[in-house]
Amino acid sequence: MDTGQIVTFYSYKGGVGRSFALANTAVVLARWGYRVLCVDWDLEAPGLSYYFDEFLVAPPRAGLLEMIEEARESPELARTAALRHRTMVRLPESAPLSLITAGRKDDATYISRLQQVDWEALYDEHDFGATLESWREAWMRNYDLVLVDSRTGITDAGGICTAQVPDVLVFAFTANQQNVDGVLDIVDRAMKARDGLPYDRPRLLTVPLLSRFDAQPEYEQGETWRRRLADRVEPRLRDWAPRGSSAGELLQRLTIPYFPVWSFGELLPALSESPRNAEQVTYSVASLAALLARRLEDVGLLIDNRDSYVETARQAARRDYEADVFISHSSGAEELGRAFELLLRENGLSTRVAADFPDRRTRIIDACRHLVMIVDEDGDDPLQNQDTSHFLRHSVNASTERLALPVVTTSQAIRNLPRLAQSLQVFNLEDGTLPQAARAIASRIRQDSRSLEPHSSRGGRYDVYLSYAHADSNWTLALAENLKRLGLTVFVDEWELQPGDHWPSRLEAGLRNADTVVPVVSTAWNRSEYALQEYNLAAQRAERQQLIPVLVGDVLPPPHVAERKNIDFRHALTPRDYVEHVRLLARAVLRLREDDPLPRSASVVLPDTLF
């Protein structure tokens, strides 16, 4: 992340688990590697620090109240002190986290000093708005995520937390009418107040968090409430939820169930539970953490494949890999692997080799940017297959491109490549020496590092516009990534739409500015009214725009699609066949003749359907 994001957690009523959700979300994010700051803005009833007391590096000497007092007494000085009163929290496994408490603990003057805070005077007479803006800038410059615990009810402090401070407002509520009516009223007020601010700020995004929800004893009543709540929150999701998704599906991912064991005291289950165990509360907390870490993007994947979405958020926290290359080799090729390691180091790359990590390969693979597979003629190696499968699965949607680079000892050894690697560009030692292969791989990696660009073209012309139903988002994003790696510019909404965009106009612009429209025709696509509209618009522009459908899954294409030239992926069931079809599509988009060259990609992203 280049700049951080500020997220306010708000609830209309107390006792809904707001601070519990914030504290555990912070722990999940910190353990993933994000830089996290927590701010206790619940000045009238502070309590966030109780969750972190045993992990504080030192007792807090001051907090937010002292910062506000400094802003009243010396605004210019206060604007440079956004982080002066933060307290460091050291979680197990050395995960760092910072905390700005509400104020000094056990201070007998706290209540009387708080009563002297006049918010209206602070803004009118001491330009507190400008001070708060400088704090925001400093917080976002130094942290990936800033989580603010807001006051409940209708208060001046709560208004500041929900309107001026955040980029995202998480509103927590339980399944009763007073909670829902009250919190939605405050959300609407915050959005209107945000639009009237004298600061350049994008539209406020709001995220519902259904908390302490226990539908198991009364399933039918629980489902009735869930549907009712989904209808109520749906208008607040339109700025960022994917088209075609239902508010009910999304709310189910953003529900923290009730677990009696965690209702006693201020506890952090995120320190001991797995985010992948659906029977534990941290599973739900991690879904929220991933959504915030990914800035409310790629939400269709959260609905369709929650584990993949969370894993991608975890991987994206990594800023610097421990090494450039992990060298995977078969059990009989250890000597060759070590020789290749020395050669890559001579070419300026940092390396790790599989022989040194027999018991914890996956952690080391995650810590290396690229993967080199050395494959000989001795046969299929299960550990090497695991290396390749793990790497390819975890490089999908990575924040930086990660290359899988096979090196084979002979042409015969190509048959022993792991199945998922059989479509990749191969370095064959029959065609050159081991030092030449090392130089070629080092050059390829350095070239890749220099040429990395953001996915987004943001308003320029595109080679391809991908039209799809959101149920096919994983398949479509893999296709988009592979076309991009072949040099094409691709419009896909998950890359192009930004929070706050008016998505119908952005999609229309992308459709209009693409040379080729590629509908991903599936069973879900056949049912999508919006996808059909896009198809008809493209068909009307046949003189100046290509229309090339691709067929996926077990779809039976409608006549108007079947009669048109298409690329049929329905029987592309192996990685090699899949890549061949991707290249067929790329050639059709670029209008290449059979003898015209098409760039090879050194790495391929495979959709989940091929695993």
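Residues numbered from 1 in each chain as written. Predicted model: local features only at pLDDT ≥ 70, side-chain atom pairs only at ≥ 80, totals over all residues. Heavy atoms only, no water.

Describing the nonpolar core
And step 1. Counting 79 residues, the largest nonpolar core has Trp32, Phe52 and Trp240 as its most contacted members.
And step 2. A total of ten residues in this core trace back to one element, the largest contributor, which is helix H1 (residues 18-32).
And step 3. Ignoring any residue separated from it by four or fewer positions in sequence, one finds Trp240 in contact with Leu205, Thr206, Val207, Pro208, Leu250, Leu254, Leu291, Leu296 and Val299.
And step 4. Core analysis: the second largest hydrophobic core is formed by 52 residues, Ile364, Leu371, Ala480 and Leu486 among them. (Core = buried A, V, L, I, M, F, W, Y, C linked by side-chain atoms within 4.5 Å. Buried < 20%, exposed > 50% of the residue type's maximum accessible area, 1.4 Å probe, protein only. Helix = DSSP H or I, 4+ residues; strand = E, 2+ residues; numbered from the N terminus. Contact = heavy atoms within 4.5 Å.)

Let's talk about the environment of Ala26
And step 1. Within the secondary structure, Ala26 is located in helix H1.
And step 2. By relative accessible area, Ala26 is classed as buried at 0%.
And step 3. Taking the C-alpha atoms as reference points, Ala26 and Val36, separated by ten residues in sequence, lie 6.5 Å from one another.

A look at the domain arrangement of the chain
And step 1. Domain boundaries assigned for the chain yield domain 1 (5-317), domain 2 (323-449) and domain 3 (462-590).
And step 2. Each of domain 2 and domain 3 has a C-alpha centre, and these two points are 32 Å apart. (Domains from an automatic or database assignment.)

Considerations on the confidence of the model for the chain
And step 1. Chain-level pLDDT for the chain is 85 on average; 91% of the residues reach the 70-or-more range.
And step 2. Per-residue pLDDT, averaged within each element of the chain, yields its smallest value for helix H17 (residues 434-451) (71) and its largest for strand E5 (residues 145-149) (97).
And step 3. In the model, residues 448-459 has pLDDT below 50 throughout and makes 24 contacts with residues more than four positions away in sequence or in other chains. (pLDDT = per-residue confidence, 0-100.)

Let's talk about the sheet that holds strand E4 (residues 96-100)
And step 1. Spatial ordering of the open sheet is given by E3-E4-E2-E5-E1-E6-E7-E8, a layout of eight strands whose pairing is mixed. Taken across any chain shown, the strands that pair with only one partner, and hence form the sheet edges, are strand E3 (87-90) and strand E8 (255-257). Neighbour to neighbour, the strand axes of the sheet diverge by 25° on average, direction disregarded.
And step 2. Pairing analysis gives four bridges linking E3 to E4, with the strands arranged antiparallel. Bridged to Met88 within E4 is Ser98. (Pairing = 2+ DSSP bridges. Axes fitted to C-alpha atoms, helices over the stretch in contact; angles between N-to-C directions.)

Examining the pairing of strand E14 (residues 462-467)
And step 1. Of all six residues in E14, six are buried, a share of seventy percent or more.
And step 2. Where E14 and strand E16 (residues 514-521) come together, five bridges link them in parallel fashion. Bridged to Ser467 within E16 is Pro519.
And step 3. Of the pairings in the sheet, the one linking E14 to strand E15 (residues 490-491) comprises two bridges and is parallel in character. Opposite Tyr465, over in E15, you have Phe491 as the bridge partner.
And step 4. The β-α-β motif built from E14, the intervening helix H18 (residues 473-485) and the parallel element E15 has right-handed crossover chirality. (Right-handed = clockwise from strand over helix to strand, strands pointing away.)

Let's talk about the packing of helix H11 (residues 281-293) against helix H13 (residues 306-316)
And step 1. Where H11 meets H13, the axes come as close as 9 Å, and the angle between the chain directions of the two elements is 55°. The angle between H11 and H13 falls in the class oblique. Relative to H13, the crossing made by H11 is left-handed. On H13, the residues touching Tyr283, Ala286, Ser287, Ala290, Leu291 and Ala293 of H11 are Arg306, Asp307, Tyr309, Val310 and Ala313.
And step 2. For the contact of H11 with H13, a count of residues per class yields eight nonpolar, one polar and two charged. (Parallel < 35°, antiparallel > 145°, perpendicular 65-115°, else oblique. Left-handed = near helix turned anticlockwise from the far one by under 90°. Nonpolar A, V, L, I, M, F, W, Y, C, P; charged D, E, K, R; others polar.)

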